[in-house]
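Tertiary structure, described
Okay, here's what each chain looks like letter by letter:
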Amino acid sequence: MRAFSPDLIRTDFPFFTHHNDIAYLDNAATTQKPQVVINAINRAYTTSNAPVSRGLYTQALYADEQYAKARLILCEFLGCCDPNNCVFTSSATASINLVANGFLAPRLKPDDEIWLSPFEHHANYLPWQRLCSVTGAKLRQIPMNVNTCEILWDECHEVLGKNSKFIAITALSNVTGLAPDIESLCRKATIASIPILIDGAQWAAHHPVNFDNLGCDFFVCSAHKMYGPNGIGLLVGKTEQLEQIQPTQLGGGMIDWVTDNFDDNQWSALPQRLEAGSPNLAGAIGFATAAQYIQTIGHPFIQEHLTCLSLALTAQLTNIEGICLLAPPSATVHGVVSFYHEKVHTHDFAQVCADNHIAIRAGHHCAQPFFKQLNINGTARVSLGLYNTHNDINRLVKRVRLAVEEFA
Amino acid sequence: MNEGALKQSLLQHYRQPFQRTNGAFTDDYAIGKGRNTSCGDEVELGLKLDDQSRIIDAKFKARGCSVCIASASILMTILDTMKQTPAPQQDLQCLKQDLKNWLEDTRQDLPSTLPSSLAPLALVKSMPARRKCVMLIWNALDQVI
């Protein structure tokens, strides 16, 4: 494990060579890519490019090897013992849609309940909302304290009640920065025999995941949010749950035998059955390389760094008159911090930052149902990455302070 | 006008918007609404017309960023100059299109077809994402003219 220093880490990312004055604080939207990942993708196209599971020639067999190896690396990274239970998808969004339409849709009945946290991303809200509108099931949200956005676990016994048929919850909210106690929820859901999906899109980059120990039924993540390429994600699942997913994407590579009658078709085994179409080989290789890159830095250092930066950020922001944090500083230590001001629009914050080469996000962050519960339009969001420094934070705070002076 | 002056002018419209109201529009106002779903900005334009479609009064309500509010305020000043102008609809539609074209053309100075009160919006030319903020009130105007 190499010594960790964000300034040193920054040199691993060519983006910062081309934009050496940027404070990139929008990592929850997408992360930058280290040179090793870019090189791996480049090598994939220059030396490994051949169809996966479709050829008998040397290069095709090598492509098969590389794809399997990438799957294995990611499987181990996420603490899953069986690589057949790691399904490549195009993204976390695609993974969630697959579970919604392929696993839950066939078994959902009117008045069944799907439970979500109060601050889910649209990707982990809309598929379930549609399912409910089609089946007559009910979409429920775990209540929260509207002042702190913290989940009121004591007021949500129904999430484990007899009508609850599925739970989908984020491991780390892209808007509040809060990390619900998913370990406890997974344990309780397992006891109650309620399938549970964890949206790890924001979590997996900076926090260790042990799928087998966590006890959830499904776990999803996206490569581009963890220093990997766009266009590829993962669905990790328990064997018995994945086996029950009816393929929603049909095409090449996922079927063993096509018959005259659709119902008699023989689908391939897992995970191929759920990976229709030509595999994204370069994406898989890049994804695996990103996971290995994270491992070279090590989660303990990453978490300590993000906690330290988060606390420094929230401490400074709370010193600016009128600035409100969406959630308590003690709870937002994972690198995502949202704030707002009664008199300054979030767009104005974001523009002032942008004019000074500071990249933050402003708006509803693809979490409109969450903001409807609060009396605010949106927030400005800072989301930290490996390469962020205290200097980045200080620059941001300075501009936030100036924006308040100018617009408030 | 240099950039600093443009910015001050824009901020002035933001801080002290012309014809901004918080009250409800009475029934004799035609109302147009605009909403930017990406940021939640909302505008409501109330236009009072006589029986010959001449503008008697114009006001707006808004929840939005500085550009949104300033743009609405500037439009109100324009509408104020057009009071009693017979059938201003076509003029306003041409203004809207010229404004849109001007904002999208980063090179172009304020054309003579646009009133000088729109000059502060030149700052938005370098911010493509903020064009929606400018046009929100103009789109609401479309609904009532």
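Calculation criteria
Residues numbered from 1 in each chain as written. Chains lettered and ligands numbered in written order. Predicted model: local features only at pLDDT ≥ 70, side-chain atom pairs only at ≥ 80, totals over all residues. Heavy atoms only, no water. Core = buried A, V, L, I, M, F, W, Y, C linked by side-chain atoms within 4.5 Å. Buried < 20%, exposed > 50% of the residue type's maximum accessible area, 1.4 Å probe, protein only. Contact = heavy atoms within 4.5 Å. Helix = DSSP H or I, 4+ residues; strand = E, 2+ residues; numbered from the N terminus. Pairing = 2+ DSSP bridges. Right-handed = clockwise from strand over helix to strand, strands pointing away. Axes fitted to C-alpha atoms, helices over the stretch in contact; angles between N-to-C directions.

Let's shift gears to the nonpolar core. Ranked by internal contacts, the top residues of the largest apolar core, which has 151 residues, are A:Ile198, A:Phe219, A:Leu317, A:Phe370, B:Leu79, B:Leu99 and B:Trp138. Setting aside chain neighbours within four positions, we find A:Phe219 in contact with A:Leu78, A:Ile198, A:Gly200, A:Ala204, A:Val209, A:Phe211, A:Leu214, A:Leu234, A:Leu235 and A:Val236.

All right, on to unusual backbone geometry then. Residue and element names in this part refer to chain A. The amide bond that connects Leu270 to the next residue, Pro271, takes the cis arrangement and shows omega of 0°. Examined against the element boundaries, Pro271 turns out to sit in the loop between β10 (266-267) and α10 (281-297). A positive phi is found at Ser53, a non-glycine position, where the angle reads about 60°. Non-glycine residue His357 carries a positive phi angle of around 60°. Summarising the element assignment, His357 is placed in the loop between α12 (346-355) and β13 (358-359). Accessibility expressed as a relative area gives 42% for His357, which makes it partly exposed.

Below, the discussion takes up the pairing of strand β6 (residues 196-199) of chain A. Looking along a regular strand, one sees side chains alternate from face to face of the sheet. Residue and element names in this part refer to chain A. Side chains Ile196 and Ile198 of β6 all project onto a buried face; the interleaved residues Leu197 and Asp199 project onto the opposite face, where all are buried too. The pairing of strand β5 (residues 164-170) with β6 spans four bridges and is classified as parallel. Bridged to Ile167 within β6 is Ile196. After leaving β5, the chain enters helix α7 (residues 182-191) and then returns to the sheet as β6, a path that is right-handed. Bridging between β6 and strand β7 (residues 218-222) involves three bridges; their strand directions are parallel. Bridge pairing in β7 places Asp199 opposite Val220.

A word on the sheet that holds strand β12 (residues 336-341) of chain A. Residue and element names in this part refer to chain A. Spatial ordering of the open sheet is given by β11-β12-β15-β14, a layout of four strands whose pairing is antiparallel. The open sheet has two edge strands, β11 (323-325) and β14 (361-363), and neither has a second partner. The sheet shows a mean angle of 30° between the axes of neighbouring strands, direction not considered. Relative to strand β15 (residues 379-383), β14 runs antiparallel, the two being bridged by three bridges. Directly across from Ala362, in β15, lies its bridge partner Ala380. Each of β11, β12, β14 and β15 is contacted by α12, which is oriented at about 160° to β14, the strand it contacts most.

In short, geometric facts, not functional conclusions.
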